[in-house]
Amino acid sequence: MGVKQIHRPPQNAWERLYVFEIARGLGITLKHALLSWFKPGHMPTYEYPEVKRPLAERFRGRHRIRKREDGSPLCVACYCCQTVCPPQCIDITAEESDDPAVMKRPREFKINLLRCIFCGMCVEACPRDAIYMSHDYELADRTREQLQLGLDDLLENQDNDEGEG
Amino acid sequence: MIPEWVQDILTSKWTWAALALVVAYVLTLVGIVVYTWLERRGAAFIQRRPGPNRRGPYGIVQAVADAVKLATKEDVVPAGANKWLHAVAPMIGMTVALTIIAVIPFSGDFELFGQTFRLQIADMNFGFIFILAISSLAVYGVALGGWSSNNKYSLLGSLRSGAQMISYEISLGLSLVGVLLIYNTVKLDEMVIAQTGAIWHWGVVQAPMAFLIFLTSSYAEANRVPFDLVEADSELVAGFHTEYSSLRFGLFYMGEYVHMAVSAILTVILFFGGWHIPWAEEIFGSAPYVTLFPWLLFGAALVCLVIAWDTSRPRRRVHTRGNLLLAFLLVCVAGSAAALGGLYLAGDVQTEIPWLASICGMLTQVIVLVLKFAFFFWLFIWVRWTLPRFRYDQLMKLGWKVMLPLALLNIGVTGVLVLLGVL
Amino acid sequence: MAKLTIDGREIEAQDGQSVLQAALECGIHIPHLCYHPALKVVGSCRMCLIEIEKVPKLQVACGTPVRDGMVVSTQSERVRKARRGVLEFLSINHPLDCPVCDQAGECKLQDYCFEYGQAESRYQEDKRRFPEQDLGSTLVRDMNRCIHCTRCIRFLRDVAGAEAFTLYERGNRTQVGTYLETPVETPFSMNLVDACPVGALTSKHFRFKGRSWLMEKTRTLCAGCSRGCNVYAWSQKGRVLRLTPAENEWVNRFWLCDYGRLTVNDVNADDRLGDALRLGDCVDPEAALDQAAAKLKAYVDAGAGDKIGVVASARLTNEDNYLIRKLAREVLGTRHLAFVEGKEDDRPFEPSDRPLTEWFIREDKMPITWGARDIILSGEPAGDVLGLIAKARRGELKALLVFGEDLTRVTGEDRVVEVEFLFATGTHKTRTVELAHIAVPEATYLEKGGTFTNEEGRVQRLRPVVAPPGRARSAWQTARELAGRMGAGWSYRATAEVTAEIAAKVPGYQEVDFIEMPEEGQMVEHA
């Protein structure tokens, strides 16, 4: 292990007295305190539950699956997202679709949100742009089971949010 | 004019001792609610964030919530701890800090029906020595707390703290010797009286070096930043109170604030003229505080109105409506205060009811003291969020190699100056 | 022998080989679609174009015989450009539906497009479209994906002996399939799925069940008949999804019959036995074995060991049968040991160029009839199963142990023998298992390791593909548990230990080595 020598700038006699430097420091903090007091609107804090931080357009929240015009999932169960998913939190079961134009559709589409790392690779991999990540990030729940998303969960609340597509 | 029994009560020595006790307890125990709130919001404001602002107006009820939380926590006594000492240790710190309050005068002498009183719990003629004697006991609370926890970090923390408190105790005591030389008394009330009049009678002007040493040492005594090595979390977890939870931890926590409060009052008493306003006699005549009282009331009314106006506004950032009820109550308080002030002026209380005027003058002094105290308490917080923590070797170096020689030098110089009659 | 240079590498090839074969043999991959080692060469896909020195035009590698001194380039700019052109033509009408195509991941067209093709199509016009076509019970045809390589046609005509497929219509409308949509009626129809280099022919059985890259591929054996075909079992999440043939020149070449492929349905059936049964009620297998062993020990201790009948099976592995025999002979001390065997098949076994229908599927539907004879008989006489049952019915047997067999299937009656104590192991909830006093679950051939000896006398290795359901285990393990509880002190921990003992004890099996067994198996002498 190498030793790193840190050279501190030399202090002059005034600085070595500390008292005045401390006073200067107090002045700086007081300036901030007074600013906070009289201009609270300039604080960078978001008062969270009431005020939500505006999200970046590319923010990656929980997943959703787009629908076709008839309400069925746009997903064709190609397993690309399941394949690419680094923590392997996606589990698809495919079946034959009734619609001859569609061929294949997911019978089950499970996402284990507890395992998901929200990397967005599934979105990247999707050849149909069916899966996307919404802006929904308030994902706390009471049981583990409630955080296992099924196809129905992924299809609901489409209009509430727009996410990365 | 007033009933005999009222007069009896007013002229009883116990009445005023009891009132002093009330003031003392308000400033320490009840004050903790405000202090913790002040600490947290002060820290937040210095760091440009809102801090606790949810419970109660300006978040002031947060401290109560904290207290309830602490009180309902499980009281853990670690295995292998000395149960008795573990229980007693937090009480020692608290008791010591509270005991010091006994000798602090909160007002000057005032006359009632021909007798003289002072707002002080125990008027000892060795008050100053008492403070030094008692405050040195505080180290026991810390040392025993750490030792009885059966935890190496606690022990290390308490040893550090013990060493620190003893080291700075010396500088603290020596710095005050200079003050003693100047005031030529050990009674606190006499010290305050010595600071009457022009601002250069104040201890801080007369003995600035003693003031600096005293202030620094009192920070170290109270284990506050920049000398809070006891609870250097990164090195010692939480120092001597690592193994404390629930109300026992709460006692340590409160003890620290009481300690700070006592230090702040002492600073005011010793160096900042106590309850005195500089040149008060010159400006307001022979009984300045009695004259000032109604104006104090008007000032309080104004403050209430400002707060009422502020609380009545909707909080845009948290989407809450204004607290109209609180604003209304505050307006009522302001109105009452203003009315009382008006009555006081119109009634010419000073000549008509001299005993009431005396009491009002005394109250004014208490309030002046409290306002000065408030600044020094804020200084504690202010310094905490400004300065970083000392390293242990730096702490010891400062204590023994800087503070101690300076304090000794200060005694010598002061003594010479006193001998020469300069001071 | 001809010496030629491919991509600067000097290689030797046999006369008469094509350049493609020679290249593939020495590990140089020349892209090809219509070429299949077992099929006749047509050179229709033009994918394997190569540049030969002193030959002005590019040549197809599959149709060009090697010649001494030939200098071939498979990666020159000219060749790569040609490949890109061929792929562009092939892709003109090929839909971009890899995400829903079962072939994706094992599709040659996909691989080559990835490696040599261009990312964007220049084709502006509409692609041709055909509806999906149902080709009988096993196949679905998607003509859109077809590249007209005619591997399916050649397989059916030249290998399977069923001239079912043909090219019909012309030009852009060319289709491959059965004329007039007649279903494909051949027991080898699912080989078409493997033969098709793209996803034009897909299996109804496997359709949409999984994706090739997500499945695990294990080389093991088919237990459908006494041929002992080498297969790859493709499993995912503890379930075998399909079987595909693994190449073995001496056993099954490149093929696997539909019957064999569908044996996987039995393994995945809902009526698999996962827990032990006592008179039809579920019990803990350990407790069940305790009880059975106590019961059997009581017979042995009372000197009635010879009144216990043991039924082994040619459906089990050599290891299973060996320990069953050892249990019967050494622990129980009974002479009444029989095993269920398959039918005789007097047709020649060796793979030949005659149509598959004439030789491939064996009449003997048991995988190790011959192995069981080698191991269970070991030169000693043993009665047949029907004889044993007859004895039991005459009351000459007090207990009967049945391993891995349903006796009702053997007798053709809906009743099993009425004996004092009937112990059975079973893979499924069969009548025998239901009627047994104690039944314990048994692993199927995809769930256990071991060896099979096929009709020809070839010992091949069976590998566990998935875990058995519940607490099922191999018959040899059940035999070991019974023997252990009866105080025999056997110490077999792994299949290989049993195999080693077989090699040591069974005549003709000296050379068998479980660990070091070559892929094509080891021949043994039938006793």
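Predicted, not measured: the structure shown is a model, and the values here were computed from it. (Residues numbered from 1 in each chain as written. Chains lettered and ligands numbered in written order. Predicted model: local features only at pLDDT ≥ 70, side-chain atom pairs only at ≥ 80, totals over all residues. Heavy atoms only, no water.)

Peer 1: Can you help me understand the side chain of C:Arg253 in this one?
Peer 2: Residues and elements named next belong to chain C. Within the secondary structure, arginine 253 is located in the loop between β13 (239–245) and α6 (258–262). A polar contact is formed between the side chain of arginine 253 and the backbone oxygen of serine 352, at a distance of 3.4 Å. Here arginine 253 is in contact with Ala246, Glu247, Asn248, Pro351, Ser352 and Asp353, once residues within four sequence places are set aside. (Helix = DSSP H or I, 4+ residues; strand = E, 2+ residues; numbered from the N terminus. Polar contact = N/O pair within 3.5 Å; in protein donor to acceptor, adjacent residues only side chain to side chain. Contact = heavy atoms within 4.5 Å.)

Peer 1: Is there a simple way to think about the interface of chain A and chain C in this case?
Peer 2: When the parts come together, some accessible area is lost, and that loss is often what is quoted as the size of the interface. Contact with chain A, which involves 13 residues of that partner, is made by 13 residues of chain C. When chain A packs against chain C, close to 1,200 Å² is buried across both sides, 62% of that on carbon and sulfur atoms. If you sort the residues of chain A by the area they bury against chain C, A:Tyr79, A:Met103 and A:Lys104 come out on top, with a joint share of 47%. Counting across the chain A and chain C interface gives two salt bridges. Between C:Lys237 and A:Asp91 there is a salt bridge; the shortest N-O distance is 2.6 Å. Applying the counting criterion to the chain A and chain C interface returns four residue pairs in polar contact (both at pLDDT 80 or more). Within the residue set of the side of chain A that touches chain C, elements represented by two or more residues are α3 (80–84) and β2 (90–96) of chain A. Here the side of chain A that touches chain C takes four residues from β2(A), the largest share from any one element. Among the residues making up the side of chain A that touches chain C, the classes are represented as seven nonpolar, two polar and four charged. (Buried area = accessible area lost by both parts, 1.4 Å probe. Salt bridge = Lys/Arg side-chain N within 4 Å of Asp/Glu carboxyl O. Nonpolar A, V, L, I, M, F, W, Y, C, P; charged D, E, K, R; others polar.)

Peer 1: Is there a simple way to explain the interface of chain A and chain B in this structure?
Peer 2: Across the boundary between the two partners, chain A contributes 24 residues, which contact 18 residues of chain B. Summed over both partners, the interface of chain A with chain B buries about 1,800 Å², with 63% contributed by carbon and sulfur atoms. Considering only the surface of chain A that becomes buried against chain B, A:Leu26, A:Glu47 and A:Glu50 emerge as the three largest contributors, covering 30% of it. Seen at the junction of chain A and chain B, the total is zero salt bridges.

Peer 1: Is there a simple way to explain a nonpolar patch on the surface in this structure?
Peer 2: Nonpolar side chains collect at one region of the surface, where A:Trp14, A:Leu17, A:Val19, A:Phe20, B:Met209 and B:Leu212 lie side by side and expose about 530 Å² of accessible area between them. Where the nonpolar patch is concerned, the elements lending two or more residues are α2 (19–38) of chain A together with α10 (208–221) of chain B. (Patch = residues over 30% accessible without salt bridge, like charges linked within 9 Å, V, L, I, M, F, W, Y side chains within 5 Å. Areas by Shrake-Rupley, 256 points an atom, 1.4 Å probe, with all protein chains shown as cover.)

Peer 1: Just to check I follow, could you spell out empty space enclosed by the protein for this structure?
Peer 2: Sizing a probe to match a water molecule and rolling it over the atoms shows the empty space that remains. All names here are of chain B. Within the structure shown, the criterion is met by eight cavities of 30 Å³ or more. Counted as a void, the largest cavity has a volume near 120 Å³. Contributing to the lining of the largest cavity are 13 residues, with Ser135, Leu172, His259, Ser263 and Leu266 lying nearest its centre. Counting residues per element, the ones that place at least two in the lining of the largest cavity are α5 (127–135), α7 (152–183), α10 and α12 (246–271). The leading source of residues in the lining of the largest cavity is α12, at four residues. (1 Å grid on protein atoms, 1.4 Å probe; cavity = no way out; pocket = protein on both sides within 12 Å on 5 of 7 lines; lining within 4 Å. Points joined across faces, edges and corners; volume = space filled by probe spheres on them.)

Peer 1: Looking at this structure, I do not really get the environment of C:Thr495. What am I missing?
Peer 2: Residue and element names in this part refer to chain C. If you trace the backbone, threonine 495 turns up in helix α16 (residues 495–505). Measuring from C-alpha to C-alpha, the distance between threonine 495 and threonine 451 comes to 9.0 Å, with 44 residues separating the pair along the chain. For threonine 495, the contacting residues outside a window of four places in its chain are Glu319, Gly449, Gly450, Trp476 and Phe514.

Peer 1: Just to check I follow, could you spell out the layout of surface pockets for this structure?
Peer 2: The volume enclosed by the second largest pocket comes to roughly 1,700 Å³. Considering the residues around the second largest pocket, the lining is formed by 39 residues, among which A:Leu17, A:Tyr18, A:Val19, A:Ile22 and B:Phe390 are closest to the centre. Here the residues of the lining of the second largest pocket are counted per class, giving 29 nonpolar, three polar and seven charged.

Peer 1: What is the right way to look at the packing of helix α6 (residues 138–148) of chain B against α7(B) in this model?
Peer 2: Helix-helix packing is characterised by the crossing angle of the two axes and by the distance between the axes. All names here are of chain B. With their axes 7 Å apart at the nearest point, α6 and α7 run at an angle of 165 degrees to one another. The angle between the axes of α6 and α7 places the two elements in the roughly antiparallel class. α7 is crossed by α6, and the crossing has left-handed handedness. Facing α6, whose interface residues are Ala138, Val139, Val142, Ala143, Gly146 and Trp147, α7 presents Ser154, Leu155, Ser158, Ser161, Gly162 and Met165. Tallied by class, the residues present in the contact of α6 with α7 amount to seven nonpolar, five polar and no charged. (Axes fitted to C-alpha atoms, helices over the stretch in contact; angles between N-to-C directions. Parallel < 35°, antiparallel > 145°, perpendicular 65-115°, else oblique. Left-handed = near helix turned anticlockwise from the far one by under 90°.)

Peer 1: Quick question: what am I supposed to make of the pattern of salt bridges here?
Peer 2: Pairing is possible between side chains of opposite charge, provided their charged atoms come close. Residue and element names in this part refer to chain C. Taken as a whole, this structure holds 55 salt bridges over all chains when the rule is applied. Glutamate 106 serves as the salt-bridge partner of arginine 242, at 2.9 Å between the closest nitrogen and oxygen. Of this pair, arginine 242 sits in strand β13 while glutamate 106 is found in the loop between α2 (77–92) and α3 (108–116), placing the two residues 136 residues apart along the sequence. Note on arginine 242: relative accessible area 9%, which makes it buried. Here arginine 431 and glutamate 434 are joined by a salt bridge, their closest N and O atoms 3.6 Å apart. Linking arginine 431 with glutamate 434, this pair stays in helix α14 (residues 431–435), spanning three residues, or about one helical turn. Each member of the salt-bridge network shares a partner with another, and the members are Glu286, Asp290, Arg473, Arg480, Glu481 and Arg485. (Buried < 20%, exposed > 50% of the residue type's maximum accessible area, 1.4 Å probe, protein only.)

Peer 1: I would appreciate a short explanation of helix α18 (residues 392–420) of chain B in the present structure.
Peer 2: Count 3.6 residues to each turn of an α-helix, and residues three or four apart come out pointing the same way. Residue and element names in this part refer to chain B. Spanning 29 residues, α18 covers 40 Å between terminal C-alpha atoms, matching the ideal 42 Å at 1.5 Å per step. The largest bend along α18 reaches roughly 30 degrees and is located at methionine 403, with the proline proline 405 sitting one to four residues downstream. For α18, the set of buried residues is Leu395, Met396, Leu398, Gly399, Met403, Leu404, Ala407, Asn410, Ile411, Thr414 and Gly415. Turning to α18, the residues buried within the fold contact α7 and α10. Within two residues after α18, glycine 421 carries a phi angle of roughly 80 degrees, on the positive side. (Expected span 1.5 Å × (residues − 1). Bend = angle between axes of the 7 residues up to and from the residue.)

Peer 1: Would you mind going over the side chain of C:Thr64 with me for this structure?
Peer 2: Residue and element names in this part refer to chain C. For threonine 64, the position within the fold is in the loop between β4 (59–60) and β5 (70–73). Using a relative accessible area of 9% as the deciding quantity, one classes threonine 64 as buried. Of note is the side chain of threonine 64, whose polar atom sits 2.5 Å from the backbone oxygen of valine 60.

Peer 1: So what exactly am I meant to see when it comes to the sheet that holds strand β23 (residues 522–523) of chain C here?
Peer 2: Strands belonging to one sheet form pairs held by backbone hydrogen bonds; the direction of such a pair is parallel or antiparallel. Residues and elements named next belong to chain C. The sheet built from three strands is open, its strands ordered β21-β22-β23 with antiparallel pairing. With partners counted over all chains shown, the strands left at the sheet margins are β21 (450–453) and β23, one partner each. Sheet contacts for helix α9 (residues 318–332): β21 and β22 (458–462); angle to β21, the most-contacted strand, approximately 95 degrees. (Pairing = 2+ DSSP bridges.)

Peer 1: What's the story with helix α15 (residues 324–347) of chain B in this structure? I'm lost.
Peer 2: Residues and elements named next belong to chain B. Taking 1.5 Å of rise per residue, 24 residues should cover 34 Å, and α15 covers 34 Å from first to last C-alpha, within 8% of that figure. All of the buried residues along α15 are Ala327, Leu330, Ala334, Ala337, Gly341 and Tyr344. As for α15, its buried residues are in contact with α14 (288–312), α16 (349–352) and α17 (354–384). Taken from the residues just after α15, aspartate 348 is the one with a positive phi, measuring 55 degrees.

Peer 1: I tried to follow the packing of aromatic side chains on my own but got confused; where do I start?
Peer 2: Two aromatic rings, taken as a pair, are described by how far apart their centres are and by the angle between their planes. All names here are of chain B. In the structure shown here, the tally under the stated rule is 30 aromatic pairs over all chains. Ring geometry for tyrosine 244 versus phenylalanine 252: centroids 4.8 Å apart, planes at 90 degrees, classification edge-to-face. With respect to burial, tyrosine 244 and phenylalanine 252 carry one shared label: buried. Ring centres 5.4 Å apart and planes at 75 degrees place the aromatic pair tryptophan 295 and phenylalanine 298 in the edge-to-face group. Here the residue tryptophan 295 and the residue phenylalanine 298 both occupy positions in helix α14, the gap between them amounting to three residues, near one helical turn. Following the ring pairs from residue to residue traces out a cluster consisting of Tyr35, Tyr219, Phe249, Tyr253, Tyr257, Phe373, Phe377 and Phe380. (Phe/Tyr/Trp six-rings, centres within 6.5 Å; stacked < 30°, edge-to-face > 60°.)

Peer 1: Explain the pairing of strand β17 (residues 337–340) of chain C to me, please; I cannot follow it from the model alone.
Peer 2: One face of the sheet, then the other: side chains in a regular strand alternate in exactly this way. All names here are of chain C. Where burial is concerned, the two faces of β17 agree: the one with Leu337 and Phe339 and the one with Ala338 and Val340 are both buried. As paired strands, strand β16 (residues 308–313) and β17 are joined by four bridges and run parallel to one another. The partner of valine 311 across the bridge, within β17, is alanine 338.

Peer 1: Would you mind showing me how to read the packing of helix α2 (residues 13–46) of chain B against α17(B) here?
Peer 2: Residues and elements named next belong to chain B. In contact at an axis separation of 10 Å, α2 and α17 are set at 35 degrees when each is read in the N-to-C sense. For the pair α2 and α17, the sense of crossing is right-handed. For the pair α2 and α17, the contacting residues are Trp16, Leu19, Val23, Leu27, Tyr35, Leu38, Glu39, Gly42 and Ile46 in the first and Ile359, Met362, Val366, Val370, Phe373, Phe377, Trp378, Ile381, Trp382 and Arg384 in the second. Partitioned by chemical class, the residues of the contact of α2 with α17 number 16 nonpolar, one polar and two charged.

Peer 1: How should I be thinking about the environment of B:Val76 in this particular structure?
Peer 2: All names here are of chain B. Its place among the elements puts valine 76 in the loop between α3 (62–72) and α4 (83–100). For valine 76, a relative accessible area of 35% translates into the label partly exposed. Between the alpha carbons of valine 76 and tyrosine 244 there is a distance of 6.9 Å; along the sequence they are 168 residues apart. The residues contacting valine 76, other than those within four sequence positions of it, are His86, Glu243 and Ser245.

By themselves, these figures tell us nothing about what the structure is for.
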